[in-house]
Amino acid sequence: MQYTSARGLAGLACAGSLALLTAITFVYQLPSTFFPYAGGPLALDVFALLIWYLIYAAVSFPFDVWAGYWLPCRHGGVCRLFPVYLGRLTRGLAAQGLIMTASAALMLVAGRQWGMWGAGAALAVMLGMLGGMRGRVARYLGAEQDRAAGWRSWMLAGAWNLAGFALSAALPWCGVTTVYGLVETLLGCTLWSLAGLAVLPRVDRRAAGLALYLSWASFGLLSRATAAKAGLPEEWAA
């Protein structure tokens, strides 16, 4: 099997597994079982969101190693020391985890104060910040060059993520005022990202990649699960 085909298989397995787990968790409303409490100090809510990210990172870890370490060594002849690769991966996971957790916490605070519109405004702010920070984030993750994108691609990517949030938050079993309600909403955003992988490349291929990067703001569990990004932190902000 050629390297490109092998990466395609790894990306399909990663995205497919995460999408299946997301769909099951979303449909059966499992966040209410994971985080059943309502109210309490904000620090406890942030801790719960961090735990949620760590669960996601743990599920993704075997796919990261498969696609980012084993396949380049097996098919591309690029065999880095595993501790070196693990250090770069951990660095990327820490950056993504910080952004995802902070964004979700901001939406939760805004949602409790101003409802769905407040949470949506918080998401819009985070999308703008992520867009403005993309060059720095890419360099931090190890990207060799910044890939410029036009305003049309950015607008389309941002609008796609906002639309997914609005549709998800409007569902009767989702919400923005409790951890379990917000996580349910963000799972809906991940499923919306899956639809984006099918729709956006037909409209603007660059916007499709940017939408995945911007989905960090809405806890996008598929944001680094494609063949081009899986296991390669330097590609996560591409």
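What comes next is a walk through the structure. (Residues numbered from 1 in each chain as written. Predicted model: local features only at pLDDT ≥ 70, side-chain atom pairs only at ≥ 80, totals over all residues. Heavy atoms only, no water.)

### A word on the overall build of the protein chain
Working step 1: Counting secondary structure elements, the protein chain contains seven helices and zero strands.
Working step 2: Shown N-terminal to C-terminal, the secondary structure of the protein chain runs as helices and strands in the order α-α-α-α-α-α-α.
Working step 3: Expected size for 238 residues packed as a compact globule is a radius of gyration near 18 Å; at 17 Å, the protein chain falls within 12% of this value.
Working step 4: Along the three orthogonal principal directions, the C-alpha set of the protein chain runs to about 55 × 35 × 30 Å.
Working step 5: The burial tally for the protein chain puts 49% of its 238 residues in the buried class. (Helix = DSSP H or I, 4+ residues; strand = E, 2+ residues; numbered from the N terminus. Rg over C-alpha atoms; globule rule 2.2 N^0.38 Å. Buried < 20%, exposed > 50% of the residue type's maximum accessible area, 1.4 Å probe, protein only.)

### Here we look at helix α3 (residues 42–75)
Working step 1: Spanning 34 residues, α3 covers 47 Å between terminal C-alpha atoms, matching the ideal 50 Å at 1.5 Å per step.
Working step 2: At Ser60, α3 shows its largest kink, close to 40 degrees, and the proline Pro62 lies no more than four residues downstream.
Working step 3: Residue Gly77 follows α3 closely and has a positive phi angle near 75 degrees. (Expected span 1.5 Å × (residues − 1). Bend = angle between axes of the 7 residues up to and from the residue.)

### Notes on the environment of Tyr69
Working step 1: Tracing the chain through its elements places Tyr69 in helix α3.
Working step 2: Taking the C-alpha atoms as reference points, Tyr69 and Cys79, 10 residues apart in sequence, are found 7.5 Å from one another.
Working step 3: When sequence neighbours within four positions are dropped, the list of residues in contact with Tyr69 reads Asp64, Arg80, Leu81, Phe82 and Tyr85.
Working step 4: Engagement of the side chain of Tyr69 in a polar contact is seen with the backbone oxygen of Arg80, the distance being 3.4 Å. (Contact = heavy atoms within 4.5 Å. Polar contact = N/O pair within 3.5 Å; in protein donor to acceptor, adjacent residues only side chain to side chain.)

### Quick notes on the side chain of Thr22
Working step 1: Looking at the element boundaries, Thr22 is found in helix α1 (residues 3–27).
Working step 2: In terms of polar contacts, Thr22 uses its side chain to reach the backbone carbonyl oxygen of Leu18, at 2.7 Å.
Working step 3: With sequence-adjacent residues up to four places away left out, Thr22 is seen in contact with Leu187, Thr190, Leu191 and Leu221.

### Quick word on the side chain of Ser193
Working step 1: Checked against the element boundaries, Ser193 lands in helix α6 (residues 179–203).
Working step 2: Note on Ser193: relative accessible area 8%, which makes it buried.
Working step 3: Ignoring anything within four residues of it in the chain, the contact list for Ser193 reads Trp160 and Ser215.

### A closer look at the pattern of salt bridges
Working step 1: What the rule picks out here adds up to four salt bridges.
Working step 2: Close ionic contact of Arg112 with Asp45 constitutes a salt bridge, the shortest N to O distance being 2.8 Å. A residue pair is termed long-range when its members are at least 10 positions apart, and Arg112 in helix α4 (residues 82–141) and Asp45 in helix α3 qualify at 67 residues.
Working step 3: Here Arg112 falls in the partly exposed class, since its relative accessible area comes to 33%.
Working step 4: Owing to a relative accessible area of 0%, Asp45 belongs among the buried residues under this scheme.
Working step 5: The salt bridge involving Asp64 is made with Arg224; its shortest N-O contact spans 2.9 Å. Of this pair, Asp64 sits in helix α3 while Arg224 sits in the segment after α7 (205–214); the two residues are 160 residues apart in sequence, bridging distant segments of the chain. As far as burial versus exposure is concerned, Asp64 and Arg224 are alike and both buried. (Salt bridge = Lys/Arg side-chain N within 4 Å of Asp/Glu carboxyl O.)

### Focus on the packing of α6 against α7
Working step 1: Where α6 contacts α7, the axes come no closer than 6 Å and their chain directions differ by 145 degrees. Residues Leu197, Leu200, Pro201 and Val203 of α6 form the contact with α7, whose own contacting residues are Arg205, Ala207, Ala208, Ala211 and Leu212.
Working step 2: Of the residues belonging to the contact of α6 with α7, the class tally is eight nonpolar, no polar and one charged. (Axes fitted to C-alpha atoms, helices over the stretch in contact; angles between N-to-C directions. Nonpolar A, V, L, I, M, F, W, Y, C, P; charged D, E, K, R; others polar.)

### A word on the state of the cysteines
Working step 1: Under the defined criterion, the tally for this structure stands at one disulfide.
Working step 2: Cys73 shares a disulfide with Cys79; S-S distance 2.0 Å. On the sign convention where negative means left-handed, the S-S torsion of about 90 degrees between Cys73 and Cys79 marks this disulfide as right-handed.
Working step 3: Take Cys79: its relative accessible area is 49%, and that puts it in the partly exposed class.
Working step 4: Here Cys14 is not cross-linked by a disulfide; its sulfur's nearest cysteine counterpart is in Cys189, at 19 Å.
Working step 5: Exposure remark for Cys14: the relative accessible area of 2% places this residue in the buried category.
Working step 6: Overall, the relative accessible area of 4% leaves Cys189 in the buried class. (Disulfide = S-S within 2.5 Å.)

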